Amino acid sequence: MLWMSCLPTASLFLLLLPCFSAQDGIDIISAWEGDSISITCSMSGSRDQVGMYLISIRQNRKVIYIPPKQNASNIHPTFTNRIEYSKEGKNLRITLHRVQESDSNIYLCSEIVKINDHHKNLHGKTTIVVVKAKFGGALEQSPLYANPEQGQSVSITCVLESSPGGGGLYLLRTHMQPGQVLYVSNLNVMEVSPAFENRSDYSREGNKAMITLHNLQEKDSDNYVCAEEVKKSPLLSASGTMLLVKEVEQAHSQACEKSSWDLYALIIMVALLFCALVCCTLYRVDVKKYFHKKKRNAVYEDMSYNSRRSTLVRTNTYSRDN
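Per an unreviewed UniProt entry, the protein goes by CD7 protein and derives from Origma solitaria.

(A) Up close: a nonpolar patch on the surface. The grouping of W261, L263, Y264, L266, I267 and V270 at the surface amounts to a nonpolar patch, some 660 Å² of accessible area in total. Among the secondary structure elements, V270 is positioned in helix α2 (residues 248-321).

(B) Seen up close, the layout of surface pockets. If you add up the space inside the second largest pocket, you get close to 180 Å³. Examining the composition of the lining of the second largest pocket, we find that 3 residues originate from one element, strand β15 (residues 179-184), more than from any other. Here the lining of the second largest pocket is composed, by residue class, of 4 nonpolar, 6 polar and 4 charged.

(C) Fine view of the state of the cysteines. Within this structure, the stated rule accounts for 2 disulfides. Each disulfide pairs two cysteine sulfurs, and for C41 the partner residue is C109, the sulfurs being separated by 1.9 Å. Disulfide C41-C109: torsion about the S-S bond near -65 degrees, hence left-handed. Note that C41 is positioned in strand β3 (residues 37-42) and C109 in strand β9 (residues 105-115), a separation of 68 residues in sequence. C109 shares its class with C41; the two are buried. Between the sulfur atoms of C158 and its disulfide mate C226 the distance is 1.7 Å. Of this pair, C158 sits in strand β13 (residues 154-159) while C226 sits in strand β19 (residues 222-228), placing them 68 residues apart in sequence. Classification of C158 by relative accessible area gives buried; the value is 0%. Ordering the disulfide-forming cysteines of the protein by sequence position, one finds them joined as 1-2, 3-4.

(D) Representation of the sheet that holds strand β8 (residues 91-96) in the model. Spatial ordering of the open sheet is given by β3-β8-β7, a layout of 3 strands whose pairing is antiparallel. Every other strand in the sheet has two partners, leaving β3 and β7 (83-88) as the edge strands with one partner each. In this sheet, neighbouring strand axes are inclined to one another by 20 degrees on average, regardless of whether the strands run parallel or antiparallel. Inspection of the sheet shows β3 paired to β8 by 6 bridges, in the antiparallel sense. Looking across to β8, one finds that I39 is bridged to I94.

Conventions we followed
- Residues numbered from 1 in each chain as written.
- Predicted model: local features only at pLDDT ≥ 70, side-chain atom pairs only at ≥ 80, totals over all residues.
- Heavy atoms only, no water.
- Patch = residues over 30% accessible without salt bridge, like charges linked within 9 Å, V, L, I, M, F, W, Y side chains within 5 Å.
- Areas by Shrake-Rupley, 256 points an atom, 1.4 Å probe, with all protein chains shown as cover.
- Salt bridge = Lys/Arg side-chain N within 4 Å of Asp/Glu carboxyl O.
- Helix = DSSP H or I, 4+ residues; strand = E, 2+ residues; numbered from the N terminus.
- 1 Å grid on protein atoms, 1.4 Å probe; cavity = no way out; pocket = protein on both sides within 12 Å on 5 of 7 lines; lining within 4 Å.
- Points joined across faces, edges and corners; volume = space filled by probe spheres on them.
- Nonpolar A, V, L, I, M, F, W, Y, C, P; charged D, E, K, R; others polar.
- Disulfide = S-S within 2.5 Å.
- Buried < 20%, exposed > 50% of the residue type's maximum accessible area, 1.4 Å probe, protein only.
- Pairing = 2+ DSSP bridges.
- Axes fitted to C-alpha atoms, helices over the stretch in contact; angles between N-to-C directions.

Structural data, given as structure tokens:
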């Protein structure tokens with residue numbers, strides 16, 4: 001269970017990364033309840049502009065209407081005292097403060113221009129906003145964390161609220177490279193991003209949907225969030241699956257490094273044992289030499305004594321004869 005203790009640190013690392021980027025005209029914004037988010041809309045700069053709208057598609061709600069020259073704006077009561085905007089060149093930045101789970105939605109920038117005395121809507125960028133509760137989420141998703149090696153696969157399971165055919169399902173990348181990975185409509189029509197084309201599978205049994213991502217690469221590391229479309233409701237989202245893909249070379253080098261250290265340790269042990277064996281052998285040879293030398297000296301002294309004794313005896317005998 002070590003990975004569970006590491007999860008908050010790794011999650012914090014992911015949350016510190018940029019929260020949105022443009023991808024095929026769609027922005028993905030992931031935030032926690034209570035945070036602030038910014039949605040950027042491009043303006044044509046036409047003199048015939050009548051105004052700008054930010055629309056939440058799920059409820060078909062006009063979040064804010066901004067006229068071209070007047071300072072007064074029309075804000076939906078849900079966002080009263082929680083929204084502000086600023087014009088930056090040809091961009092309009094709309095900031096939502098103290099976001100809530102109910103703010104999870106698909107937002108559309110729409111510019112109204114007057115052409116031949118007729119008003120026309122020019123739809124701009126789409127932004128998917130996923131607001132996650134700090135304690136749990138609207139949907140269940142597993143696993144919370146996965147750490148596969150390059151080339152391996154990971155299966156993400158989402159427990160949905162609606163029955164099959166009741167609503168669409170998104171799988172979104174929300175932090176490192178924000179974008180839409182997969183979308184399955186209520187008619188079971190699947191759209192897959194080019195990055196995961198031929199690398200993803202989808203299956204569903206009851207209210208459990210399983211999405212498998214194959215042949216994972218290091219660049220696939222990200223936080224993957226299931227988000228479900230439910231009729232007359234904001235997007236329902238889960239806390240997500242944090243996916244960190246390990247480099248095979250890195251894992252191999254670590255294994256080789258460990259093997260090298262093991263080999264070095266074995267060599268050192270063999271060298272120490274060899275030195276100990278040599279020392280013991282030399283010590284035994286020195287001891288044998290010492291005892292062997294001492295024994296030869298004792299024999300020499302005895303022979304010398306016997307020789308002197310024999311000479312004395314002969315001398316005395318000669319004296320008596322004389």
